Amino acid sequence: MSSNSFAYNENSGGGEATELGQDATSAISNSGALGLFSSDLKKNEDLKQMLESNKDSAKLDAMKRIVGMIAKGKNASELFPAVVKNVASKNIEIKKLVYVYLVRYAEEQQDLALLSISTFQRALKDPNQLIRASALRVLSSIRVPIIVPIMMLAIKEASADLSPYVRKNAAHAIQKLYSLDPEQKEMLIEVIEKLLKDKSTLVAGSVVMAFEEVCPDRIDLIHKNYRKLCNLLVDVEEWGQVVIIHMLTRYARTQFVSPWKEDDGLEDNEKNFYESDEEQKEKTEKRKKPYTMDPDHRLLIRNTKPLLQSRNAAVVMAVAQLYWHISPRAEAGIISKSLVRLLRSSREVQYIVLQNIATMSIQRKGMFEPYLKSFYVRSTDPTMIKTLKLEILTNLANEANISTLLREFQTYVKSQDKQFAAATIQTIGRCATNILEVTDTCLNGLVCLLSNKDEIVVAESVVVIKKLLQMQPAQHGEIIKHMAKLLDSITVPVARASILWLIGENCERVPKIAPDVLRKMAKSFTNEDDLVKLQILNLGAKLYLTNSKQTKLLTQYILNLGKYDQNYDIRDRTRFIRQLIVPNEKSGALSKYAKKIFLAQKPAPLLESPFKDRDHFQLGTLSHILNTKATGYMELSNWPEVAPDPSVRNVEVIELAKEWTPSGKAKKEKPAKKFYSESEEEEDSSNSSSDSESESGSESGEQEEEGDSEDSSEDSSSDSESGSESEAENKRKAKRNSKTKGRGDSEDGETENEKSETSDSSSGESSSIEDSSSESESKSESESKSRKVTKEKETKIKQDRNLVTKNVSLLDLDDFNPVSVPIARPTPALSPSLIADLEGLNLSTSSSIINVSTPVFVPMKTHVLLHRMSGKGLAAHYFFSRQPCIFGDKMVSVQVTLNNTSDRKIENIHIGEKKLPTGMEMHVFNPIESLEPEGSITVSMGIDFCDSTQTASFQLCTKDDCFNVNIQPPVGELLLPVAMSEKDFKKEQGMLTGMNETSTVIILAPQNFTSSVILQKIVDVANVGVVPSGQDNVHRFAAKTVHSGSLMLVTVELKEGSTAQLIINTEKTVIGSVLLRELKPVLSQG
C-alpha cells in the first residue's frame, strides 16, 4: 500500500527522491502502520474525486498520474472502478489513457471490464484509428471464454480495416484469442491467410508472429507471400524483422536444396536412389552441371544482407543465424564483422553473441581468425564473458597464433578472479592436447604453476597435468615426484585425488615414493574427503599387487579402516577390493586377473569444447543457449534432396499481381492467358465427346468465353470491357446455381461452401478496394463498377488456378487421376476451399474403376531405425512417403535417412541378413560407399508387408559392424488413397456388409465436430482418399490395401449430441478392426 502513496503525492515532473522523502515524512508523522494506511486511503479518494470531476482537465491530470504509476511498476488496480467509468468519455486524450489503463488491468478485473463491453464494441466503429485499435486491445485482454465469439467477430472486422495500425492490432489479438480458445484455430488461420496478403510493412511482422504462434507448420500459406515478405523486410519494424527472418529461415530449409553439397558428395549420394542403367546415365549428365542456387533462395540472402548494419542486436543476430543455416559457406563469412561489432554492446548482448560465436568457431575457424584480438579478455568483463572469450580463443588457436595466445593466458592466470584463472588453466590444457607442438611448453608452464601461492590455481594445474600425463606417462617421472611432494600442502580434494591416481598408475616408475605416500595417507585416512578415500583404496590395491612386501600390512590396515567407514560407497569399494586382491578359499576366477584389472592401460581423456554438441540447435534460440530443448522450440528441418516445385511461388505472385494491378497494366498476363486458353480448348474438345461429362465441358467452355472476353477487353474501350465482364459474370452465376442444384446440397451447406470458396477473394477484394482508392488510374469508373470488375477478375483467377492444378497432376502421374489434391508438405488439414475444389473435380467422374490418387496428407513423423549410440555413430530414421513404390506394385515405399554423427568416415553402408516372415519381400537400397562425418543421405526402400503389421527385421551393416534393426508399419500406411464418386462408394459399400463391416459408436471431442478437423484426424492416421459427400453430417474416405488391392471404405456419420458412428467396410477384416481401434481414440480425444 505504501508504494501507492509515492505516486499520489507527486506533481508532474516530480522525481523518485521527492516521493521517497514524502513517504518518509508520512511514516514519521503518523506513528505506526495504521497512520500510513489511512494516509493512502485519503490519497486514493483524492484521485477518485478527480476522475469523477466534471472538468476534463482534472480527469486528464488524474489519468496521466495513474499511467505514470503503472509505468513505474506500481499497483493501481484499486482505481479500476473509477477509471472504467470514463471509458465513454468524449475527450480523445482521456479515452486513450483509459484504454492504456484497461489493457493493463482488464485481465485482473474481468467482471468490471465485462460491464463495459458494449462500449468497447461501439469504439470498434470509432472514426479515430487509435481508439479502434485500443478497443480491440482491451477486448482481447479480457480473458473470459464467454466473449470468444465477440472477439472473433471483432478480429475479422479489424483485419479488413482501412488503417494498417488497426490491422496490426488484429494480428496481435489473434495470438491472445488462440491462447484463450485453441478451438478457433481454423477460423483464425483464415484471418491470418488474409492478413498475410497485406502489403503494409506495419502489419507484416505482427501477422507472421501470429502465424508462428497459431499454425507454424502451414508453410503453404507462405508460398504466395514469400517474395513480398523478402522485399518488405528492410522496411518492417525491428521486432517484426526478427520474427520474419526466423520464419523465412525455416521456410528456406524446406523449399530449397542445400548450397553446401560438394559435387563429389552429390555423385556418391544421389546415385543410390536409382537402379537402372538409363537412369544412372541421366544422373551422370546431371552431375556435370554445377550447383545453381534458386533465385528465391538468392533473393532472401540478398535482401537480408543490409540488415547486418542494423542498430538492433536481435536483428543482426537473426540475420547471422540465417546466413549460417542457409547461405553457401563461402558467403557466411560476412556475418563475422557484424557479430564482433555487437561485442561493444551491454554484457547481456555480449553473452548471447559470444555463445553463438563459440558454436560457429568450432566448425569454421577462418571466419573469426582476423578478429582474434577482439576476443582478448578485459579486466572489466564479468566472469561469464571472460569464460566465453576463453572458449573462443581456444577454438581459434592454431600453430600460427598459439605463442601469442599463451602469452595472453599467462596474464590471465594471475587474475584476481579465481574462477577465471582456473578456467584459463583448463584452456592451456586443451591447447596442449590440440596442438602437439606446444604440449611440452604447456606442461612445463603448468608445473611452474604448482609453486603458486594460490591453492585453487595449484589444484586446477594438478588436475590438468594429470590429464596431459595420461597421453605420455613414460616421459615424465620427475613431474610425478614433484607432485607427490605437494600432497602435504594441497588441501583441495580433487587435486589430492588426482595426485594419488597418478602415483597409483605409475607406481612401478616411482617405487620408492609410492609406498611412502600410502603411509602418509593411511595416517590421515579418516579425515580425508570421500573422493580422496576412494583413490587411497585404489593406490593401496595397486601397490599390493606390485610391491606386496612393503605394502601388504599397510593395505590391509587401510582396508580395515574402509570397512567401517560411514560412506557406503567406500565400504562397498573396500569389500570389492579385498575379495579381488587378497587370495582366500572363496576367491573366484577374477583374482587371477586382479593386476590386469587395476593396472590396465587407460585411454587418454578427450578435452573437448562444451559447445561441440550445440550445433544441432538453431543459433540465436533459447534452446541453443541452454543446450536443451526448450518449450516451443521448432527444429530446423534437413535440406530436401530434391527441391519442391518452385512454381508455387510463381503462380501466387501472378495471382497477387492480378488482384492488385489496375486494369490498364496487364501486359504480363497475355502469354499466361494464352497458355490457359489452349489447355481449355483441349479439355473442351476431349470432354465434348462424352455425354456423362457435359457439366465439365460446359464449365471449360464457359472459362474459354471468359478468357476470350478478358483478352478482347484489354484492347477495347472501357464500355465494351464493362459489358463483356457483366455478361461473363451472369454466366458464371447461372453456372454456379445449376452446379449447386446438381450437387444436391442444402441451402446452409451451399452458403458455407460459397463463403469458404470466396474467403480468399473477399480479403483480396477489400485490399484491392483500399488500394484502388490511392492507385486507381481510371477516375471515371464508379465504385460499384470497380467492385464488379475486381470480383470478375478473382473468379477468372480461381478458375485458372484450378486448371493449372489439373495440368500439373496429369503430368506428374502415370495413370489418369480424377482427384488431384494439391499437396503442400507438411499440411495439417484441408482448407474449406480445397474441399470445394475437390468436390467440384469429382462431380465429372462416373467411372467405377479404382484409381489410386495422390495422398491428401503426408505426415513427416519419423521413426528411429537405429539410434546413434547403438550404431556407433551411425543413426538411421525412417518415414512412410505415402507414394506408390517404384520397386513394385505390392510394396510400401519407405524413406530411410542415414546420419553420420561420429567424427570418422563410415564406409560400405548396406543391408545385410534379412529375417522376414513368410511371404514378405524387401527391395533394399544400393550400398553406400562412404558417409562423411556429419553427413546425411536419404535412400528409398520397398517392403511388401503382405497387408499385415508384422515386423520386417534385417541387419543394417557398415564395413566393420552389423546392427539388428526392424520396421513395423502402422496399419494406416498399408493403404493407398483411392478416388471414387459417392455413387460408387455406396455401391461398393453395399457389397461389403455383414462379416466385412466393422462399426463402433464414439463420443467426439467438441473441437472434432468440424469437417476440416475430422479430415485432418483421419488422414493423419491412415493414407486414405476423400470421397465427396452430399450430406454435411457424413464424411467418407476410400483406400485400397497395397498388397492385395482390397477396398477399405471408412465412414464417419455425425449423430445428435456429441456422438458419431465410425464404420469400416473391407474384405480384410483384421486390418479393418485394427484401423478401427486406431481411429477411435484419435477422434474421441481433443
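Because the structure is a prediction, the values reported are computed rather than measured. (Residues numbered from 1 in each chain as written. Predicted model: local features only at pLDDT ≥ 70, side-chain atom pairs only at ≥ 80, totals over all residues. Heavy atoms only, no water.)

Engineer: Describe the state of the cysteines, naming the residues involved and giving the relevant values.
Structural biologist: One covalent bond between the sulfur atoms of two cysteine residues makes up a disulfide. Considering all chains together, one arrives at 1 disulfide under this definition. With a sulfur-sulfur separation of 2.5 Å, Cys957 is cross-linked through a disulfide to Cys962. Because the torsion about its S-S bond is 110°, the bridge between Cys957 and Cys962 counts as right-handed. (Disulfide = S-S within 2.5 Å.)

Engineer: Describe the pattern of salt bridges, listing the residues and the values that go with them.
Structural biologist: A side chain of one charge can pair with a side chain of the opposite charge when the charged atoms of the two come close. Counted according to the given criterion, the structure contains 32 salt bridges. Here Lys125 and Glu157 are joined by a salt bridge, their closest N and O atoms 3.3 Å apart. Taken together, the residues span a long stretch of sequence, with Lys125 in the loop between helix H8 (117-123) and helix H9 (129-141) and Glu157 in helix H10 (residues 148-159) at a distance of 32 residues. Here Arg227 makes a salt bridge to Asp296, at a shortest N to O gap of 2.7 Å. With Arg227 in helix H15 (residues 226-232) and Asp296 in helix H19 (residues 295-304), this residue pair connects regions lying 69 residues apart in the sequence. Given a relative accessible area of 4%, Asp296 falls into the buried group. A single network of salt bridges, built from pairs that share partners, joins Arg227, Asp294, Asp296 and Arg649. (Salt bridge = Lys/Arg side-chain N within 4 Å of Asp/Glu carboxyl O. Helix = DSSP H or I, 4+ residues; strand = E, 2+ residues; numbered from the N terminus. Buried < 20%, exposed > 50% of the residue type's maximum accessible area, 1.4 Å probe, protein only.)

Engineer: Hey, could you go over the sheet that holds strand S4 (residues 892-900) for me, with residue numbers and the actual values?
Structural biologist: Here 5 strands make up an open sheet; going across it, the order is S2-S3-S4-S8-S6 and the pairing antiparallel. Looking at the sheet topology across the chains shown, the edges are occupied by strand S2 (863-866) and strand S6 (921-923). For this sheet, the mean angle separating the axes of adjacent strands, direction not counted, is 35°. Sheet topology note: the S4/strand S8 (residues 936-944) ladder contains 8 bridges and is antiparallel. The partner of Thr897 across the bridge, within S8, is Thr938. (Pairing = 2+ DSSP bridges. Axes fitted to C-alpha atoms, helices over the stretch in contact; angles between N-to-C directions.)

Engineer: For the pairing of strand S11 (residues 975-979), give the residues involved together with the corresponding values.
Structural biologist: Within S11, 5 of the 5 residues are buried, leaving the element largely enclosed by the surrounding structure. In terms of strand pairing, strand S1 (residues 851-852) meets S11 through 2 bridges, oriented antiparallel. Pairing of Asn851 across the sheet is with Ala979, part of S11. Summarising the sheet, S11 and strand S14 (residues 1034-1041) pair through 3 bridges and their orientation is antiparallel. Bridging across to S14, Leu976 finds its partner in Lys1040.

Engineer: Give a detailed account of the sheet that holds strand S10 (residues 962-967), specifying residues and quantitative values.
Structural biologist: Taken together, the 4 strands give an open sheet; going across it, the order is S7-S5-S9-S10, and neighbouring strands pair in antiparallel fashion. With one partner strand each, in any of the chains shown, strand S7 (928-931) and S10 form the two edges of the open sheet. Neighbouring strand axes in the sheet, compared pairwise and without regard to direction, differ in orientation by 35° on average. Sheet topology places strand S9 (residues 952-957) next to S10; 6 bridges connect them, and they run antiparallel. Looking at S10, one finds that Cys957 is bridged to Cys962.

Engineer: Account for helix H20 (residues 313-326), with residues named and values stated.
Structural biologist: In this model, H20 (14 residues) spans 20 Å end to end at C-alpha, consistent with the 20 Å of a helix rising 1.5 Å per residue. A large share of H20 lies buried, amounting to 13 of its 14 residues. For H20, the N-terminal cap is Asn312; the gap from its side-chain oxygen to the backbone nitrogen of Ala314 is 2.8 Å. (Expected span 1.5 Å × (residues − 1). Polar contact = N/O pair within 3.5 Å; in protein donor to acceptor, adjacent residues only side chain to side chain.)

Engineer: Give me the lowdown on the packing of aromatic side chains, citing residues and values where you can.
Structural biologist: A full pass over the atoms with the stated rule returns 12 aromatic pairs. Between the aromatic rings of Tyr99 and Phe120, the centroid separation amounts to 6.1 Å while the plane-to-plane angle is 50°, which identifies the pairing as tilted. Of this pair, Tyr99 sits in helix H6 (residues 92-105) while Phe120 sits in helix H8, and the two are 21 residues apart along the sequence. Note on Tyr99: relative accessible area 1%, which makes it buried. Where Tyr226 meets Phe256, the ring centres are 6.0 Å apart and the plane angle is 65°; that geometry is what we call edge-to-face. In this pair, Tyr226 is assigned in helix H15 and Phe256 in the loop between helix H16 (238-255) and helix H17 (263-270), connecting sequence segments 30 residues apart. Take Tyr226 and Phe256: they sit in the same class, and that class is buried. (Phe/Tyr/Trp six-rings, centres within 6.5 Å; stacked < 30°, edge-to-face > 60°.)

Engineer: So what's going on with the confidence of the model for the protein chain? Which residues, and what values?
Structural biologist: Looking at the protein chain as a whole, the pLDDT averages 76, with 74% of positions reaching at least 70. In the predicted structure, residues 1-41 sits below a pLDDT of 50 and forms 46 contacts with residues beyond four places in sequence or in another chain. Per-residue pLDDT stays below 50 along residues 263-275; that stretch engages in 28 contacts with residues further than four places along the chain or on separate chains. (pLDDT = per-residue confidence, 0-100. Contact = heavy atoms within 4.5 Å.)

Engineer: Tell me about the pairing of strand S15 (residues 1047-1054), and name the residues and values.
Structural biologist: Burial runs high along S15: 7 of the 8 residues are buried. Pairing of S14 with S15, which is carried by 7 bridges, proceeds in the antiparallel orientation. Its bridge partner being in S15, Arg1036 is matched across the sheet by Thr1051. Here S14 folds back onto S15, and the loop between the two strands holds 5 residues, one of which, Gly1045, carries a positive phi near 75°. Alignment of S15 against strand S16 (residues 1059-1066), held across 7 bridges, turns out to be antiparallel.

Engineer: Pulling in residues and values, what's your account of the nonpolar core?
Structural biologist: In terms of nonpolar packing, the biggest core is built from 195 residues, with Ile66, Tyr101, Leu102, Leu339 and Phe375 touching the most fellow members. Broken down by element, this core gets its largest block of residues, 11 residues, from H20. Apart from the residues lying within four places of it in its own chain, the contact partners of Ile66 are Leu47, Leu51, Ala76, Leu79, Val83 and Tyr101. (Core = buried A, V, L, I, M, F, W, Y, C linked by side-chain atoms within 4.5 Å.)

Engineer: Could you give an account of the side chain of His325, naming the residues involved and the relevant values?
Structural biologist: Checked against the element boundaries, His325 lands in helix H20. A distance of 3.1 Å separates a polar atom in the side chain of His325 from the backbone nitrogen of Leu619. Once you skip the residues sitting within four places of it in the chain, His325 turns out to touch Thr249, Arg253, Trp260, Phe617, Gln618, Leu619, Leu636 and Trp639.

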